[in-house]
Amino acid sequence: MIKTILFDMGGVVITLDQQQAIERFKALGLADAEQRLDAYTQQGIFGDLEAGKISDEDFRRELSQLVGRELTWQECQYAWRGYCGDVPERNLLKMAELRERGYRVVLLSNTNPYMMSWVMSSEFDGKGHSLSHYLDKAYMSYECGAMKPDPVFFNAMIKGENLVPDETLFLDDGPRNIEAAKALGIHTFLVNNGEDWTEEIETFLI
């Protein structure tokens, strides 16, 4: 019986728009943004930020050097927020419903302080609520010091939640992340970016 449901953020809770992010970073002056940005697991300074190896201020300084001009924190946040295409209300309503039904709802996301400063603000859902309004707990890569599909990230969450993998369902849009969770005995649901998963999830909860 499923008791805990883990949600990835980008591609599951919110719709990912990688091209918009690429265009925003290019507008900052990062000519090779297409080579530097990934839909699932970041590399270079982008990966270092999401793995918690550097701070948001470190990232701002290093990106400023790459583009050849001094960038503000707000410019960096605006570029990162390009990854967010949409926040489907149906997803948030379903998460709220699942909590009401007694499931523990947990976020497990490769993300960074720029994104989360918006996600965890009252601006997130357009109704004055942050994403935390729909969650019991959030685990972010930059706080755990590792990114999916690294088992270190999963194990930190398992320990923190005192999880029983066989009683846990994980929704993610990344095949490698799904495989990593399966290897730990967690039930999985691979979601296509932007897909309406709100009805199909019920087949995993019977």
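Residues numbered from 1 in each chain as written. Predicted model: local features only at pLDDT ≥ 70, side-chain atom pairs only at ≥ 80, totals over all residues. Heavy atoms only, no water.

J.: Talk me through the overall build of the protein; I want residue IDs and the actual numbers.
T.: Within the protein, the secondary structure is distributed over 10 helices and 7 strands. Since a compact globule built from 206 residues should have a radius of gyration of about 17 Å, the 17 Å found for the protein is in line with a globular shape. Based on the C-alpha atoms only, the size of the protein along its principal axes is roughly 55 × 35 × 25 Å. When contacts within the protein are restricted to residue pairs at least 6 apart in sequence, those whose partners lie at least 24 apart make up 68%. (Helix = DSSP H or I, 4+ residues; strand = E, 2+ residues; numbered from the N terminus. Rg over C-alpha atoms; globule rule 2.2 N^0.38 Å. Contact = heavy atoms within 4.5 Å.)

J.: Any details on the packing of helix H4 (residues 56-67) against helix H5 (residues 73-80)? Residues and values, ideally.
T.: Where H4 meets H5, the axes come as close as 10 Å, and the angle between the chain directions of the two elements is 90°. Judged on the interaxial angle alone, H5 and H4 are roughly perpendicular. Only Trp73, Cys76 and Trp80 of H5 make contact with H4, whose side of the interface consists of Asp56, Phe59, Arg60 and Leu63. Per-class residue counts for the contact of H4 with H5 are 5 nonpolar, no polar and 2 charged. (Axes fitted to C-alpha atoms, helices over the stretch in contact; angles between N-to-C directions. Parallel < 35°, antiparallel > 145°, perpendicular 65-115°, else oblique. Nonpolar A, V, L, I, M, F, W, Y, C, P; charged D, E, K, R; others polar.)

J.: Describe in detail the environment of Leu6, supporting the description with residues and values.
T.: Examined against the element boundaries, Leu6 turns out to sit in strand S1 (residues 4-7). Linking Leu6 and Trp197, residues 191 residues apart in sequence, is a C-alpha distance of 13 Å. Beyond its immediate stretch of four places on either side in the chain, Leu6 contacts Val106, Met157, Leu163, Thr168, Leu169, Phe170, Leu171 and Ile186.

J.: If you had to explain the packing of aromatic side chains to someone new, which residues and values would you point to?
T.: Counted according to the given criterion, the structure contains 12 aromatic pairs. Measuring from ring centre to ring centre gives 5.8 Å for Phe59 and Trp80, while their planes differ by 50°; the resulting arrangement is tilted. Remark: Trp80 occurs in helix H5 and Phe59 occurs in helix H4; sequence separation between them is 21 residues. On the basis of relative accessible area, Phe59 is assigned to the buried category, the value being 0%. Judged by centre distance (5.0 Å) and plane angle (40°), the ring pair of Trp73 and Tyr114 falls under tilted. Here Trp73 is found in helix H5, whereas its partner Tyr114 is found in helix H7 (residues 113-119), with 41 residues between them in sequence. Here a set of aromatic residues connected by ring pairs shows up, and it is made of Phe25, Phe46, Phe59, Trp73, Trp80, Tyr83 and Tyr114. (Phe/Tyr/Trp six-rings, centres within 6.5 Å; stacked < 30°, edge-to-face > 60°. Buried < 20%, exposed > 50% of the residue type's maximum accessible area, 1.4 Å probe, protein only.)

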